[in-house]
Amino acid sequence: MAEAADFQGTSPSPARRWLRRTGVLLTGVPLLTGLLQLPAAPPADAARADAPQAASGAGSVSVSVDTLTPGAPTEDDTVTVSGTVTNKGKQTVTDAHVGLRVGPLLNTRSSIDRVAKNSTDVQNAFGSEVGDKYAEEFDKLTPGVSHPFTISVPVNKLDLGQDGVYQLTVALSGQTSAQQWEQVLGVQRTFLPWQPDAAGTKTKTTFLWPLISTVHMTAETGSDEQQTPVFHDDDLAKEISPGGRLDRMVALGKDLDVTWVIDPDLLASVEAMTDRYEVPGEGDDTVVGSHQSVAKRWLTDVQEAVADKEVVALPFGDPDLASLAHNGTSVSGSLSHLKEATDVASSTVDAILHVKPSTDFAWPVDGAVDPSIVKVATSAGADKVIARSDTFEETDGLSYTPSAPRPIGGGTTAVVADARLSTAFRGDMTKASTSTLAVQRFLAQSLTLGLQTGKQRSVVVAPQRTPSASQAQTMAEALTILQDGTWSESQGLVAAAKAQPDPAATTRVPPASAYPSSLRKHELPRTTFEQIARTQAKLDKFKVILSDQSRVVTPFGRALNREMSVSWRGRQSEAAIYRSGVEAYLDTLLGQVRLIDKSETKLSGRSATIPVTVQNNLVQGVEHLVLRLTSTNPTRLEIGGDAYAERPVAVSGGHSQSVKFTTSANANGRATVVAQLYTQDGQKYGEPVTFDVKVTEITATVMLVIGGGVLLLVLAGFRMYTQRKRAAAREAQERDHEADEDADDPQNPETAGERLTQDSGADAPEQPSDPAPDTAPESADPSGTGERVDR
């Protein structure tokens, strides 16, 4: 019956109910005891001392560090961090505060890279907070609203130990309505280099300070005596104006211990702007530039900045060595342009800045090299190539960064710049937060490099070729701190290249297959060098006929150097337009010396002279030209007794000259004649002029007509002669008649005496004074056949 009471649907007996309740109570005692032993939740202030729970995923609050001073503190300094916090989430953050957390010591350069890569990840370690006294609190952070903060902490409160780089985290903690407990909602990690005392062995650091721009000048010059230069844009004026990129580079660099790396083309272009120059106007017109005073001021500033400083001159126009090596060496004459660009570099810099630069260095794009690039770089005389460590990687697993110089054979030295330091200032540096992080990362890498080994090393920093104004500002801030720091000292590039190489460092130049594809796809194509060669061939043909070659050779030679510039990378269409403009302008000049077209010429007779006109519309004279006139049918028409004849040609500027050729016809009909100018070396110059000569030979009928005309002229002359003779005879008869009448007059005593004499002496002797008779007075016969008749 007792068992029946436990069946389903029946009530338990009182005894059984008591036993069950007692068992449940005894079973719950250990559980209650455990619950009573759990610690109470810590207060909010206590939670700040320990790392709070991190929010899942990315932080909802953005933290930016706009300033961190000093960048490399010493023992007596106070570190001040300022910036802003912005609630990017959808919920209001309450009970928030910003504090500093000092993380572990970062012993390797790669650990610095990892921290920088994950600088805003709220799920990584933060380190312990410095304390309530050095935090800034916010009652609430409304979504989308930014709040500034400034925290100052004495260095002795940061608990910094041994020398090295520490992770410094600025963290915002708070809570939201959805998660009502304190948590880290946003962080920004940066670096705090710590070496208060001077290092026993300092790293020698070389920092390149580039003065390089894009191409601005064309090959075109004015026809005046000064050859007014023409620019394809006026952008250079913006760069050198106050506040412009190049203006900032000079203003910042003058107070730094740097090696200036200069493209002579930039100096030549700015110097051209100091006098009259022209820039594009509306349509195809040009207008006079107006920034002469800006150009003069900038050049003066550069001269002052580089005085007593080391200057390295790149080849004129900063030619793209990698493009030339990979795509240009197979085109004849390409390497000669690099040699020319190198030859004029030193003289250009010296003439403008009054300093003697070094021209021993070649600088391929981003320091990427392979054997062909090294070969091209040294072909023009440079024996040092500025490479970079990310393409000149170590292969022996060195635990430290070796010195920059590496002998790579053939008397050539690769000066390997440090990739981490050289790329630290890329990107948008207009934001204060980005700039500050770049400065601290640069300093951290530099210090960690110096602490790797006790060996003294020479380190080179080769930043981007054309830093923006904000990038230059960031570079200058980092370099100022470094030069005032305790672990580095400045060194010039020439000295760095001469430093003792590390015997453990690799000296093997990377193969062509290792050249970065990202750089290769932006190289100048083979067509670039083919067009340069074509333009050079035209220039060679043109210059030999000029009386003053320098007016053409110099501007076009420098333009061809500019066509190979590194600045055209990534701007292929603009580069093609520039090259085509140079070639088209040269074609225009070539066309200024030409033959004038001739229409059909008629030749009546067996010989004649044919003139051919050469026109010179250049401002200078041309010479050393030969004009050849060729008959395509010499059996019908000969020129100079042969199939062709040649005459030397020299024409003053702005004039024309007609050159005459003697021709002879052998038969009637039409003959085609070709006139062609040649240079003295036998190269054709300009387009030929072709015209027809119609030959009409003299026939018997024509001779009869001409003979009849001559006979008529003779008869007319004879008639005039006989008429004159008859008139003279009549005058003589009249005089004789008058004389007879006087003789018959008895009143005339003279005639009477004369008559007596005649009557009494018919045979009297002839008087000596009487003239001999020429022709009978009454003769009317024609003159003898040998008598000349004037017509």
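Conventions and cut-offs
Residues numbered from 1 in each chain as written. Predicted model: local features only at pLDDT ≥ 70, side-chain atom pairs only at ≥ 80, totals over all residues. Heavy atoms only, no water. Core = buried A, V, L, I, M, F, W, Y, C linked by side-chain atoms within 4.5 Å. Buried < 20%, exposed > 50% of the residue type's maximum accessible area, 1.4 Å probe, protein only. Helix = DSSP H or I, 4+ residues; strand = E, 2+ residues; numbered from the N terminus. Contact = heavy atoms within 4.5 Å. Salt bridge = Lys/Arg side-chain N within 4 Å of Asp/Glu carboxyl O. Expected span 1.5 Å × (residues − 1). Axes fitted to C-alpha atoms, helices over the stretch in contact; angles between N-to-C directions. Parallel < 35°, antiparallel > 145°, perpendicular 65-115°, else oblique. Left-handed = near helix turned anticlockwise from the far one by under 90°. Pairing = 2+ DSSP bridges.

I'm lost on the nonpolar core in this one. Help?
What tends to happen in soluble globular proteins is that the nonpolar side chains get buried as a cluster. Grouped together as the largest cluster of nonpolar side chains are 76 residues, with contacts concentrated most on F542, F556 and L627. Of the residues forming this core, the biggest block, seven residues, is contributed by helix α18 (residues 572-590). When neighbours within four sequence positions are excluded, F556 is seen to be in contact with A219, L539, V582, Y585, L586 and L589. Listed in part, the 64 residues of the second largest apolar core include L246, V270, A295 and A305.

For this particular structure, what's the right way to read the pattern of salt bridges?
Working definition: two side chains of opposite charge can pair if their charged atoms are close together. Scanning the model with the defined rule gives 27 salt bridges in all. Between D318 and R465 there is a salt bridge whose closest N-O contact spans 2.8 Å. A residue pair is termed long-range when its members are at least 10 positions apart, and D318 in the loop between β16 (311-313) and α8 (321-328) and R465 in the loop between β21 (458-461) and α13 (469-483) qualify at 147 residues. Residue classification places D318 among the buried positions, given a relative accessible area of 4%. For R465, a relative accessible area of 12% puts it in the buried group.

In this structure, what is going on with α13? I would like to understand it.
An α-helix turns once per 3.6 residues; consequently, residues spaced three or four apart project the same way. For α13, built from 15 residues, the straight-helix expectation of 21 Å at 1.5 Å per residue is met to within 8% by its first-to-last C-alpha distance of 21 Å. Within α13 the residues assigned to the buried category are S470, Q471, A472, T474, M475, A476, A478, L479 and L482. On the buried face of α13, the contacting elements are β10 (203-211), α5 (245-253), α12 (432-450) and β22 (488-490).

I'm lost on the environment of V250 in this one. Help?
Relative to the elements of secondary structure, V250 occurs in helix α5. The sequence separation of V250 and W298 amounts to 48 residues, and the corresponding C-alpha distance is 8.3 Å. In this structure, V250 is in contact with L211, W260, W298, D301, V302 and A305, ignoring residues within four places of it in sequence.

I'm lost on the packing of helix α16 (residues 526-543) against α18 in this one. Help?
The relative placement of two packed helices comes down to the angle between their axes together with the axis-to-axis distance. In contact at an axis separation of 10 Å, α16 and α18 are set at 20 degrees when each is read in the N-to-C sense. Taken together, the axis directions place α16 and α18 in an arrangement best described as roughly parallel. Helix-helix and strand crossings are classified by hand; for α16 and α18 the assignment is left-handed. Contact with α16, carried on its side by T528, Q531, R534, T535, K538, L539 and F542, involves R579, S580, V582, E583, L586, D587, L589 and L590 of α18 and no other residues of that element.

Teacher, can you tell me more about the sheet that holds strand β20 (residues 412-417) here?
Hydrogen bonds between backbone atoms are what pair the strands of a sheet, whose relative direction is either parallel or antiparallel. Across the sheet, which stays open at both edges, the four strands sit in the order β17-β18-β20-β19 with mixed pairing between neighbours. Either end of the sheet is taken by a strand with one partner, and the two such strands are β17 (361-362) and β19 (405-409).

Would you mind going over the sheet that holds strand β2 (residues 61-69) with me for this structure?
Overall, antiparallel pairing links the three strands, which are arranged β2-β3-β7 in an open sheet. In this open sheet, the two strands that pair with only one neighbour each are β2 and β7 (146-154). Taking the axes of each pair of neighbouring strands and ignoring which way they run, one obtains an average angle of 20 degrees across the sheet. With eight bridges connecting them, β2 and strand β3 (residues 78-87) associate as antiparallel partners. Paired with S62 across the two strands is T86, which belongs to β3.

Bear in mind that shape data such as this cannot, by itself, settle questions of function.
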